Amino acid sequence: MSDFWVLARKEIMSLIRDKKLLFGLIIVPLIIYPTMGKVMQLGMETAQGETHVVIVSFDDGPYGRVLVNALTAAPNVTVTLINSSSLQGALNRAYQEKQNVLVVIPRNFSDSIEGNRIATVEVYGIFHSIGTGVRESVSESRINAVINVLSEEIAKLKLKNLNVGQPEAFLHPVRAESRSFINHHIVNASPSLVSGVLTSQAISLPLIVFLMVTITAQMAAGAVAAEKENKTLETLLTLPVKRTTIVASKISGTAVMGLIAALAYMVGLKSYLGSFTTETGVTLRELGLGITPTGMLLFALVVFLTIVFALSLAMILAVFAEDVQSANTVVSSVILPLAFPAFILMFTDINELPALARYGLLADPFTHPILAYRYALSGSYGLMALSLVYLSALSLVTLYFAARIFSSEKVLTAKISWGRKKRKSG
Amino acid sequence: MTVVKVEELEKEYGKVRALRGISFEIKEGEIFGLIGPNGAGKSTTLKILATLLKPTGGRAEVFGHDVVREAEEVRALISYLPEEAGAYKNLTGIEYLRFMARLYAKDEEKAAGMVELGKKISDLGNRLNDKVATYSKGMTRKLLLARALMVMPRLAILDEPASGLDIVNAYTIRKTIKRFAREEGTTFLVSSHNMLEVEFLCDRVALINSGKIIEIGTPEELKEGYHAENLEEVFMRAVEPAGGEES
Ligand SMILES: Nc1ncnc2c1ncn2[C@@H]1O[C@H](COP(=O)(O)OP(=O)(O)OP(=O)(O)O)[C@@H](O)[C@H]1O
Ligand SMILES: [Mg+2]
């Protein structure tokens, strides 16, 4: 085995065996995100699932019956009819039976319809706790939907009685059909749907890149600082191994862990976001927004170079820290501000920004993976190649400085004082 | 053959002058001791020879290789035990030895041989299968010493090798070092505070104080020169007139 592999393997092994790190990197995203997603989903499902409706009818005409039947027939609605002589009694019953919605059909319901007056149905949402009100409001909207359908049906009946040929066209003289024109294709999906899918992509990708960059940077800095803290650095630097090999093995070791972590975050985040996007049921491919193998390769290269840049920068910074904790502080205070502008791209199109802001963002290497993803979607490979050139140059510079600083004695003696100074008494 | 050649070596840490021009030579197979009070510049000298620090003046050679310009060649010939050192906490003792052996050995067979030797020197038995994080200070020191010796360096640079070890372990280690010098012809440069250790171990000794070498000679020569019964007295007499720190 070459020196590089021996060192890189040790690096990975140390990282894998670091329980804290492993927990934060892999266990948390794989458990927390899906759990969060499940909770959200559960909330939505219970809200969207069966709506239990209690109905009390004081009406003795035919239309009260019709309404009850319409509600019973509506999907996801179970109806319980109760007998009560007063509104208060009905509300109490519904409350005791832990029901959420009480529909009251008043006495003059059928009379009003037959007399061509507006008939009223009272819908009571019953709150059992002062927690979130999602269930109640959704149930109410569903009742309203049923009542809308019913009132339409009644209107059609009345129009038929008036001998109107096409009651549907009479009721809805105008209808909107929405489609989307995206990437020069017409897609049979409403703009709100498409923008929903795009938004979820726009939010999740910067988040993953941000997490990956900051986490791997912390890991690399930690790997260097741990050598100082555990007093293994001096031994390491006197081994018969090229200093560049030491730097390269540390970077690759953490990069491997970083990719595993990124994967974990991606899987976690996907199942989290999945709980939202399955609703829309539209994938990017269906929108004509798939990524070709070329695009995929270029995107992967951009991500790789961004990580190399972040890792080598973190290693340089870690040289100035005495222990893991101060390394984390130094790295956070440099990498976080650099990674933050990536979030601006969550909400904005870089081309809509003024030139100065645009070049400012482009100078920040951490915005490139996000841009690259968009370019990959739209097939702008030329722009991706430009990104690659820029990132390569930047990575080479930081790698060079990392190798330089590891070949000098600065790696042992450089330190920024963090308040207190330690020195052995002479 | 001259293994180490140090000429007018100087080192400044900012304003602190740690070494003010020291010179000495070490012959092959010798156990050379560097002794002196705290802050005298022992560790600084050893770090320069181990290619960790760069001198601000003078020069140092190991087997004819300049420690600054030919650092890589030097590193291939030496093994260095820092004054304060640890091993990778997440590895077990045996994994640590294997890791180190692979970096020194050309092939697996040689590496296995080194690990066997390391096991013997460390004398940690079954505890080698435990994580280094669970070791006591002395156990870690033994592991690190084993690592430094098992790779069969041409020159071993040991900064206070027996620090933190109990009497029995310190004794065993000294025996091992002596045996290595006799049987393998390994050259040793050790620093120490323990005069008993130095007297027992070293063929020649350099007395260093405030970054300057005051005396060089065999323990016998030094004792004679200072009319002292043991090295401790030599040490005290040599240091006294200097009056501690000069400016
Ligand atoms: N990294 C450093 N930065 C500044 N000064 C240093 C540094 N390392 C050592 N010194 C100074 O250099 C001088 C020599 O230190 P050195 O560690 O070589 O002494 P030593 O002889 O090994 O002492 P000890 O017996 O305590 O280990 C001391 O005055 C010390 O304060
Ligand atoms: Mg010292």
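Residues numbered from 1 in each chain as written. Chains lettered and ligands numbered in written order. Predicted model: local features only at pLDDT ≥ 70, side-chain atom pairs only at ≥ 80, totals over all residues. Heavy atoms only, no water.

Trainee: Just to check I follow, could you spell out the environment of Glu233(B) for this structure?
Mentor: All names here are of chain B. Note on placement: Glu233 falls in helix α9 (residues 231-239). According to the relative accessible area criterion, Glu233 is partly exposed, its value standing at 29%. Note: C-alpha distance between Glu233 and Ile48 (185 residues apart in sequence) is 29 Å. Polar side-chain contacts of Glu233 include one of 3.4 Å to the backbone nitrogen of Glu229. (Helix = DSSP H or I, 4+ residues; strand = E, 2+ residues; numbered from the N terminus. Buried < 20%, exposed > 50% of the residue type's maximum accessible area, 1.4 Å probe, protein only. Polar contact = N/O pair within 3.5 Å; in protein donor to acceptor, adjacent residues only side chain to side chain.)

Trainee: What's the story with the pattern of salt bridges in this structure? I'm lost.
Mentor: Residues and elements named next belong to chain A. Applying the stated criterion to the full structure yields 28 salt bridges over all chains. Glu11 serves as the salt-bridge partner of Lys250, at 3.0 Å between the closest nitrogen and oxygen. Within this pair, whereas Lys250 is found in helix α10 (residues 243-280), its partner Glu11 is found in helix α1 (residues 3-17), the two being separated by 239 residues in sequence. Classification of Lys250 by relative accessible area gives buried; the value is 2%. (Salt bridge = Lys/Arg side-chain N within 4 Å of Asp/Glu carboxyl O.)

Trainee: Got a minute to help me understand the site of ligand 1 in this structure?
Mentor: Of all residues adjacent to ligand 1, which total 16 residues, the nearest are Gly39(B), Lys42(B), Ser43(B), Thr44(B) and Glu83(B). Two or more chains meet at ligand 1, and those chains are chains A and B. A distance of 2.8 Å separates an oxygen atom of ligand 1 from a polar backbone atom of Gly39(B). Between ligand 1 and the protein, one listed contact pairs an oxygen atom with a backbone N or O atom of Ala40(B) at 3.2 Å. Notes on ligand 1: free accessible area 640 Å², of which the protein chains cover 80%. (Near = heavy atom within 4 Å. Areas by Shrake-Rupley, 256 points an atom, 1.4 Å probe, with all protein chains shown as cover.)

Trainee: Mind showing me how you'd approach the domain arrangement of chain B here?
Mentor: Accessible area lost upon the coming together of the parts serves often as the stated size of an interface. Residues and elements named next belong to chain B. Split into domains, chain B comes out as domain 1 (1-77 + 153-247) and domain 2 (81-152). The gap between the C-alpha centroids of domain 1 and domain 2 is 24 Å. Between domain 1 and domain 2 lies a buried interface of about 1,400 Å² when both sides are counted; carbon and sulfur atoms form 64% of it. Inspection of the domain 1/domain 2 interface yields zero salt bridges. Linking domain 1 with domain 2 are seven residue pairs in polar contact (both at pLDDT 80 or more), by the criterion used here. Put simply, the parts of the chain that give the side of domain 1 that touches domain 2 at least two residues each are β7 (155-159) and α6 (167-183). Looking at the side of domain 1 that touches domain 2 residue by residue, the class counts come to nine nonpolar, five polar and four charged. (Domains from an automatic or database assignment. Buried area = accessible area lost by both parts, 1.4 Å probe. Nonpolar A, V, L, I, M, F, W, Y, C, P; charged D, E, K, R; others polar.)

Trainee: Would you take a moment to explain the coordination of the magnesium ion (ligand 2) for this structure?
Mentor: As a benchmark, a tetrahedral metal site with four donors has ideal angles of 109.5 degrees, while an octahedral site with six donors has ideal angles of 90 or 180 degrees. All names here are of chain B. Each protein donor to the magnesium ion (ligand 2) is listed here as Ser43 (OG), Glu83 (OE) and Glu83 (OE); together their distances run 1.9 to 2.7 Å. With Ser43 in helix α1 (residues 42-49) and Glu83 in the loop between β6 (78-81) and α3 (93-104), this residue pair connects regions lying 40 residues apart in the sequence. Relative accessible area serves as the criterion here: at 24%, Glu83 is assigned to the partly exposed category. (Donors = N, O, S within 2.8 Å, 3.2 Å for Na, K, Ca; no water.)

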